[in-house]
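Each chain is listed here by its residues.
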Amino acid sequence: MEPRARTSPLVLALLALAVVGLVAHALFYPFVTDDAYISFRYSHNLAYHGELTFNLGDRVEGYTNFLWTALLGVLLKLGLRPEVMSRVLGAAFGAIGLLLVYVIARLYRGGRPSPWEALAPLLLAASASFAVWCSGGLETQLFAALVLGGVALYLAEEARRVRRRWSGLLFALAAMTRPEGLFLFALTGLHRVGANLASERRLLPRLGEVLWVLGFLVHYGAYFLWRYRYYGYPFPNTYYIKATGGAGG
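Summarised in this report is the structure supplied together with it.

1. A word on the pattern of salt bridges
Under the counting rule described, the total for this entry stands at ten salt bridges. Between Glu61 and Arg227 there is a salt bridge, with the nearest N and O atoms lying 2.8 Å from each other. Here Glu61, found in the loop between α2 (36–49) and α3 (66–77), pairs with Arg227, found in helix α10 (residues 207–231); they are 166 residues apart in sequence, far enough to count as distant. Taken as a pair, Glu61 and Arg227 share a single burial class, namely buried.

Here's what the structure looks like:
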């Protein structure tokens, strides 16, 4: 966005309508899915026993949403129950996602303010598929917000609207929330390589692009090494059960 471009009162009102509409829409789906209780159990043992395990003393990685599970564990330590906070956070991150969609639309149009940029958040708030996963107790909306934040920051970086390349960190946090974040970061990297070839016929990365990759690798790499040391396997137990029938897990 332009540094001093102001958002009109009309757009602000439309964005507020989208957020309120999403929360109201999400209230039509007051449920917590049974899969969420796996994370709740891990978060309980983390909060009260200092172990990220389902059964105390048995280090098995039976979840694939580390950041979400750890966040719920921290909140539980503060006395906030995960079956409640998971829905509160789901709605909050869903609202953040709507605002990030607006930011992406504005960046895509070159930063020129227009009420039409509020259309996408309004349509997304009306989507049952989006609203339903503000409930459910799972990490869906946290993951979506981190990915959308990574995309928005990446677009701003490529347009030179921000100087530092922090989007790699957001993609790392997304990958720590769901494994698909790895593939989305890789796709973003391929986009950068393709853009360099198309516009500058350049394959070798510049310093800023190297720092962008390091921003991902340093943070996700530290998390991966901790996982491997704590659980003893490179992939979650669910991978071995579903992909190999239990061999190696």
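Let us keep going from here.
2. So, the nonpolar core
Counting 17 residues, the largest nonpolar core has Leu52, Tyr63, Phe66, Phe216, Tyr220 and Tyr231 as the members making the most contacts within it. Per-element accounting of this core gives the leading share, six residues, to α10. Residues contacting Phe66, with those up to four places away along its chain left out, are Leu52, Met176, Thr177, Tyr223 and Trp226. Ranked by size, the runner-up nonpolar core spans 15 residues in total, among them Phe40, Phe93, Leu142 and Phe143.

3. Examining the packing of aromatic side chains
Under the defined criterion, the tally for this structure stands at 21 aromatic pairs. The interplanar angle of 5° and the centroid separation of 3.9 Å between the aromatic rings of Phe185 and Phe216 together place this pair among those described as stacked. Placement of the pair is Phe185 in helix α9 (residues 180–200) and Phe216 in helix α10, with a sequence separation of 31 residues. Relative to Tyr231, the ring of Tyr230 lies with its centre 4.9 Å away and its plane at 80°, an arrangement referred to as edge-to-face.

4. A word on helix α1 (residues 9–26)
Within an α-helix, residues lying three or four positions from one another point in the same direction, as the helix has 3.6 residues per turn. In a regular helix each residue adds 1.5 Å, so 18 residues correspond to 26 Å; α1 covers 26 Å between its end C-alpha atoms and thus fits that length. Here α1 has its buried residues at Val11, Leu15, Ala18, Leu22, His25 and Ala26. Down the axis of α1, the smallest arc covering the buried residues is 95°, so these residues share one side. Among the exposed residues of α1, those oriented more than 90 degrees off its buried face are Pro9, Leu17 and Val20.

5. Thoughts on a nonpolar patch on the surface
A cluster of nonpolar side chains, Leu207, Val210, Leu211, Val213, Leu214, Leu217 and Val218, forms an exposed patch at the surface whose accessible area comes to about 600 Å². Considering the arrangement of structural elements, one finds Val210 in helix α10. For Val210, a relative accessible area of 34% gives the class partly exposed.

6. A short note on the packing of α2 against α3
Interaxial distance between α2 and α3 falls to 8 Å at its minimum, and their mutual angle equals 50°. Compared by their axis directions, α2 and α3 come out oblique. As α2 packs across α3, the resulting crossing turns out to be right-handed. On the side of α2, the interface is formed by Ser39, Phe40, Tyr42, Ser43, His44, Leu46, Ala47 and Tyr48, while α3 contributes Thr69, Ala70, Leu72, Gly73, Leu76 and Lys77. In terms of residue class, the contact of α2 with α3 is built from eight nonpolar, five polar and one charged.

7. Re the side chain of Ser135
Structurally, Ser135 can be placed in the loop between α6 (128–132) and α7 (140–158). Accessibility expressed as a relative area gives 4% for Ser135, which makes it buried. For Ser135, the side chain forms a polar contact with the main-chain oxygen of Tyr29, separated by 2.8 Å. Those residues in contact with Ser135 that sit more than four places away from it in its chain are Ala26, Tyr29, Pro30, Phe31 and Arg87.

8. Thoughts on the environment of Pro9
Within the fold, Pro9 resides in helix α1. With a relative accessible area of 68%, Pro9 lands in the exposed category. Separated by 106 residues in the primary sequence, Pro9 and Pro115 place their C-alpha atoms 9.6 Å from one another.

Conventions adopted
Residues numbered from 1 in each chain as written. Predicted model: local features only at pLDDT ≥ 70, side-chain atom pairs only at ≥ 80, totals over all residues. Heavy atoms only, no water. Salt bridge = Lys/Arg side-chain N within 4 Å of Asp/Glu carboxyl O. Helix = DSSP H or I, 4+ residues; strand = E, 2+ residues; numbered from the N terminus. Buried < 20%, exposed > 50% of the residue type's maximum accessible area, 1.4 Å probe, protein only. Core = buried A, V, L, I, M, F, W, Y, C linked by side-chain atoms within 4.5 Å. Contact = heavy atoms within 4.5 Å. Phe/Tyr/Trp six-rings, centres within 6.5 Å; stacked < 30°, edge-to-face > 60°. Expected span 1.5 Å × (residues − 1). Arc of directions from axis to C-beta. Patch = residues over 30% accessible without salt bridge, like charges linked within 9 Å, V, L, I, M, F, W, Y side chains within 5 Å. Areas by Shrake-Rupley, 256 points an atom, 1.4 Å probe, with all protein chains shown as cover. Axes fitted to C-alpha atoms, helices over the stretch in contact; angles between N-to-C directions. Parallel < 35°, antiparallel > 145°, perpendicular 65-115°, else oblique. Left-handed = near helix turned anticlockwise from the far one by under 90°. Nonpolar A, V, L, I, M, F, W, Y, C, P; charged D, E, K, R; others polar. Polar contact = N/O pair within 3.5 Å; in protein donor to acceptor, adjacent residues only side chain to side chain.

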